[in-house]
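The primary structure of each chain is shown beneath.
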Amino acid sequence: MNGILISLVVVFGIIAIAVLILIWKIVSFKGKKLAITICEDIWNVGNDNPLYTICPMDEISKHHPDLIINLSASPFSYTQHETRLKVMKANVKRYQTPMIYVNQTGAQTELIFDGCSTVMNADGSVIQQLSFFNEEIIVVDFPFSKTEFFERKKQPPVRLIHDALVLGIRDYFEKLGFKKAVLGLSGGIDSAVVLCLAMEALGKENVLSVLLPSQFSSSHSITDAKQLCESTQTTCEVISIEKNFETFAETLYPFFKNLPFNLAEENLQARIRGVLLMAFSNKFGYILLNTTNKSEAAVGYGTLYGDMCGGLSVIGDVYKTQVYELARYINREKEIIPANILIKAPSAELRHGQKDSDSLPEYEVLDKILFEYIENRKGPRELTEAGFEKQLVERVLKLVNGSEWKRYQMAPVLRVSQKAFGIGRRMPIEGKYLS
């Protein structure tokens, strides 16, 4: 038996070597030798964690190609383009060969492809670069002139995130044949930003906002939401849920055994809103946009089957502090989102006087811990050594790890960071972390 296994290993090894020999070829075209590479074939260079034991370009370079062409479907994150440029420069300098980098444009559910195809000379200078998030075709003459130089102004992350989310919404709807969106408008920053993004992606005539106030809703939340709809010229319906809530409370009263008002009654309001929003979706064919941000999703600050329901999570990969940046970007030329929405304390308004800070650390601190834990994958010891309070770190990480079951049931999240919830960060629900 062992002899048979050894023979099989030898045979498959010979086949593998033969395949490798066969694939390291160049393409001859009009007297030029082209090295055709696919996506990560160029990412072994300068990579501390190589993807392959054999570097494809090391083998292809033995044929002395005149030009590297890389065909990519490289997903967007707001830091990815700068990383790509470094990888391209490392390749052209190592192999002393110019490159045409061709990247996909458009969105596929969670993943957004930003395009930005680039032509680079052998010295690392950028000859041409297409725009972000648009399908474009250009013609370049080869060999490239060493005197030419193209420099596109570096885009701030907030603009890239904004444009990526607009494209993500638009493609999600167009590719699935949907036309109209509905969302719950609360008078808060998250739903305000989602409304503006949806309006830009789909057109103001295709976005319906539903304001669902309760007896705990502040008057300014209602007026702020209405003012936002006026400034965006979008349709808004107002449906009070106070009677609905009272009916449910009355129904449950005999079973709640005079226990005090708590999370059950808070979540009940969120779920009433979810039911009503989904009714609009079913009746008119709207797709419900989820307005949960990444900070909330990370620590489980949301109600499953309530404010966490929806067909697409628009800002589920955008931290709360980044949501404020997006709001200011949307207001860059004129006030669209009312100023009061940006300056008031965040609140779910599920009980009198409630503020997010009653349950969570201030977002400026929380988001820093979340970023280091999720994106940079730092553990509790590293976070404490970085200066964060030990008890706070333990509390936040326990919230994150204990909320995986909620995130597992979220709508698809548009990815704009290096580590988004969903396909980008798979963790077991039943894992006992930090226990």
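Located above this text is the structure these notes cover.
Note that the structure is a prediction, hence the values are computed from the model and not measured.

## A closer look at helix α12 (residues 363-374)
Argument step 1. Spanning twelve residues, α12 covers 15 Å between terminal C-alpha atoms, matching the ideal 16 Å at 1.5 Å per step.
Argument step 2. For α12, the set of buried residues is Tyr-363, Leu-366, Asp-367, Ile-369, Leu-370, Glu-372, Tyr-373 and Ile-374.
Argument step 3. Summarising the contacts, the buried residues of α12 are in contact with α9 (294-299), α10 (320-330), α13 (380-385) and α14 (390-401).

## Quick notes on the sheet that holds strand β9 (residues 181-185)
Argument step 1. Strand order across the open sheet formed by five strands is β11-β10-β9-β12-β13, with parallel pairing between neighbours. For this open sheet the edge positions go to β11 (235-238) and β13 (312-313), each flanked by a neighbour on one side alone.
Argument step 2. As defined by bridge partners, β9 adjoins strand β10 (residues 207-211) across five bridges and the pair is classed as parallel. Each residue of the ladder has a partner; that of Leu-185, found in β10, is Leu-211.
Argument step 3. Docked against the sheet, helix α5 (residues 189-202) engages β9, β10 and β12 (287-290), running at close to 160° with respect to β9.

## Comments concerning the nonpolar core
When a protein is soluble and globular, its nonpolar side chains tend to lie buried together.
Argument step 1. Residues Ile-112, Leu-165, Ile-169, Val-193, Leu-289 and Ile-337 are the most contacted members of the largest nonpolar core, which totals 52 residues.
Argument step 2. Counting only elements with at least two residues in this core, the list comes to α4 (157-176), β9, α5, β10, α6 (219-232), β12 and α10.
Argument step 3. With 24 residues, the next largest nonpolar core counts Leu-370, Val-396, Val-413 and Phe-421 among its residues.

The rules behind these values
- Residues numbered from 1 in each chain as written.
- Predicted model: local features only at pLDDT ≥ 70, side-chain atom pairs only at ≥ 80, totals over all residues.
- Heavy atoms only, no water.
- Helix = DSSP H or I, 4+ residues; strand = E, 2+ residues; numbered from the N terminus.
- Expected span 1.5 Å × (residues − 1).
- Buried < 20%, exposed > 50% of the residue type's maximum accessible area, 1.4 Å probe, protein only.
- Contact = heavy atoms within 4.5 Å.
- Pairing = 2+ DSSP bridges.
- Axes fitted to C-alpha atoms, helices over the stretch in contact; angles between N-to-C directions.
- Core = buried A, V, L, I, M, F, W, Y, C linked by side-chain atoms within 4.5 Å.

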